[in-house]
Amino acid sequence: MNRGTVSGRGDLNISPVVVDLHMHTSHSHGTADVESMYQAARSRGLAVIGFSEHSPRPDGFVYPSDYREKLARGLPDYLREVREIARRGAAQGVEVLLGIEADYIRGREAYTRDFLDGRDFDYVVGGLHFQGAWGFDADKADWERLSRQERFSAYARYYDDMTAMCESGLFHIVAHPDLVKIFTIEDFNLWLDTADAAPLLRRALTAVRDAGMLLEVSSAGLRKPCREIYPGPRIMAVAAELGLRIAFASDAHCVDTPAFAFAELARYAASFGYTYSCIPIRGGDARRMPFSVHAP
Ligand SMILES: [Zn+2]
Ligand SMILES: [Zn+2]
């Protein structure tokens, strides 16, 4: 998992970005418990540590290797453990936020709304992982069976769903904004050249902005077969042009990856004119956090 030391990405060093809002734990398919992830994040020098465990999903929406039951069982523990660490963190000068990564599944908005209702999350990350009952980011073989045209349709659907996700008003942050490229980045880049893509993409990113949401800039893509930051440069260019605000994310699932490649993320965002990332505030406007492009 950890390619930082070999690639020179410096993920084991102190991060020049002090906020990471996307981390998982062993309550889903992560390999480390809340305490271990907190310690790992602290060791990178993070000042704001956001946990964003997966949310339970409706019946029928399962991955081949699934953790749905475990999630549903472990949720009360997750909530309690993160809140406890938040209290301890506050005494240690570290801000710990209790977030959740909730799936946006078109047509199942009521499920997500019911789940979030009355729960005390500091923020909600919206993740597009499913098209119908297909969890599209799990298995490369699924994509190998698709024709190019079918892949193009999946890319288009992804941005159509992103627009609907933003319009649902349920989320604060868009997770990994081009996850759909994960196994087929060459075709995804071809699709971006098509006449269909630009308006769909622009509509989705405009919806992000108009919903007051933040766009993740995530190093998870660097660890996946696409080997590219989420979102890629062409999407970042449109995001910057539209004035979208960003949030940095590692999508860490193990102790090696909080703040993974954040020096690279900082340089990347800065190259599009960004000087700060944001932290959502419930019921208020996002807080700005300036970042450095130099290691401290
Ligand atoms: Zn995700
Ligand atoms: Zn995630």
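None of these values were measured; they are calculated from a predicted model.

*Asks:* I'd love a proper account of the overall build of the protein, names of residues and values included.
*Replies:* Looking only at helices and strands, the protein has ten helices and eleven strands in total. C-alpha atoms of the protein, sized along the principal axes, occupy 55 × 45 × 40 Å. Sorting the 296 residues of the protein into buried and exposed places 44% on the buried side. Sequence-distant contacts in the protein: of pairs separated by 6 or more residues, those separated by 24 or more amount to 78%.

*Asks:* Tell me what's going on with the environment of Gly45, and back it up with residues and numbers.
*Replies:* Within the secondary structure, Gly45 is located in the loop between α2 (34-43) and β2 (48-54). In sequence terms Gly45 and Ala156 are 111 residues apart; their C-alpha atoms lie 39 Å from each other.

*Asks:* Now, about the packing of helix α8 (residues 197-210) against helix α9 (residues 233-242): what can you tell me, with residues and values included?
*Replies:* Where α8 meets α9, the closest approach of the two axes is 10 Å, and the angle between their N-to-C directions is 45 degrees. It follows that α8 is oblique to α9 by the angle criterion. α8 and α9 meet at a crossing whose hand is right-handed. From α8, Leu201, Arg202, Leu205, Thr206 and Arg209 reach across to α9, where they touch Ile235, Val238, Ala239 and Leu242. Residues belonging to the contact of α8 with α9 are distributed by class as follows: six nonpolar, one polar and two charged.

*Asks:* Can you tell me about the environment of Pro177, naming the residues and giving the values?
*Replies:* Note that Pro177 resides in the loop between β7 (173-174) and α7 (185-192). Between the alpha carbons of Pro177 and Ile229 there is a distance of 9.8 Å; along the sequence they are 52 residues apart. Aside from chain neighbours lying at most four places away, what touches Pro177 is Leu215, Glu216, Tyr230, Pro231 and Ile235.

*Asks:* How would you sum up the sheet that holds strand β1 (residues 19-20)? Please name residues and give values.
*Replies:* Sheet architecture is open: seven strands sit in the order β1-β2-β3-β4-β7-β8-β9, paired in parallel fashion. Across the chains shown, the open sheet's two edge strands, defined by having one partner strand only, are β1 and β9 (245-249). Strand direction decides the pairing type here: β2 and strand β3 (residues 95-103), joined by seven bridges, are parallel. Across the sheet, residue Ser52 finds its bridge partner in β3, namely Gly99.

*Asks:* Lay out the pairing of β9 with the relevant residues and their values.
*Replies:* Among the five residues in β9, five count as buried, and that is most of the element. The two faces of β9 match: Arg245, Ala247 and Ala249 on one face and Ile246 and Phe248 on the other face are all buried. As paired strands, strand β8 (residues 214-218) and β9 are joined by five bridges and run parallel to one another. Within the sheet, the bridge partner assigned to Ser218 lies in β9 and is Ala249. Running through α9, the crossover from β8 to the neighbouring parallel element β9 is right-handed.

*Asks:* Now, about the nonpolar core: what can you tell me, with residues and values included?
*Replies:* Among the nonpolar cores identified, the biggest contains 81 residues, and Val17, Ile173, Phe262 and Leu265 are the most heavily contacted of them. Broken down by element, this core gets its largest block of residues, seven residues, from helix α6 (residues 148-167). Excluding residues within four positions of it along the chain, Leu265 makes contact with Val17, Val217, Ser219, Ile229 and Phe248.

*Asks:* Outline the confidence of the model for the protein, supporting the account with residue identities and numerical values.
*Replies:* Predicted coordinates in areas of low pLDDT are best not read in detail. Of the residues in the protein, 94% have a pLDDT of 70 or more, and the chain-wide mean is 92. Across residues 1-11, where pLDDT falls below 50, the model places 25 contacts with residues more than four positions away in sequence or in other chains.

*Asks:* Which residues make up helix α3 (residues 68-91), and what values go with them?
*Replies:* Relative to the 34 Å expected for 24 residues at 1.5 Å per residue, α3 spans 34 Å between its end C-alpha atoms, a close match to the ideal helical length. If you look at α3, its biggest bend is around 50 degrees, right at Gly74, and the proline Pro76 turns up within four residues after that. Within the sequence span of α3, burial applies to Tyr78, Val82, Ile85 and Gly89. Lining the buried residues of α3 we find α2, β2 and β3. Gly93, located one to two residues past α3, shows a positive phi value of around 80 degrees.

Thresholds, definitions, all that
- Residues numbered from 1 in each chain as written.
- Chains lettered and ligands numbered in written order.
- Predicted model: local features only at pLDDT ≥ 70, side-chain atom pairs only at ≥ 80, totals over all residues.
- Helix = DSSP H or I, 4+ residues; strand = E, 2+ residues; numbered from the N terminus.
- Buried ≥ 20, exposed ≤ 12 C-beta atoms within 10 Å, placed from the backbone.
- Contact = placed C-beta atoms within 7 Å.
- Axes fitted to C-alpha atoms, helices over the stretch in contact; angles between N-to-C directions.
- Parallel < 35°, antiparallel > 145°, perpendicular 65-115°, else oblique.
- Left-handed = near helix turned anticlockwise from the far one by under 90°.
- Nonpolar A, V, L, I, M, F, W, Y, C, P; charged D, E, K, R; others polar.
- Pairing = 2+ DSSP bridges.
- Right-handed = clockwise from strand over helix to strand, strands pointing away.
- Core = buried A, V, L, I, M, F, W, Y, C linked by C-beta atoms within 7 Å.
- pLDDT = per-residue confidence, 0-100.
- Expected span 1.5 Å × (residues − 1).
- Bend = angle between axes of the 7 residues up to and from the residue.

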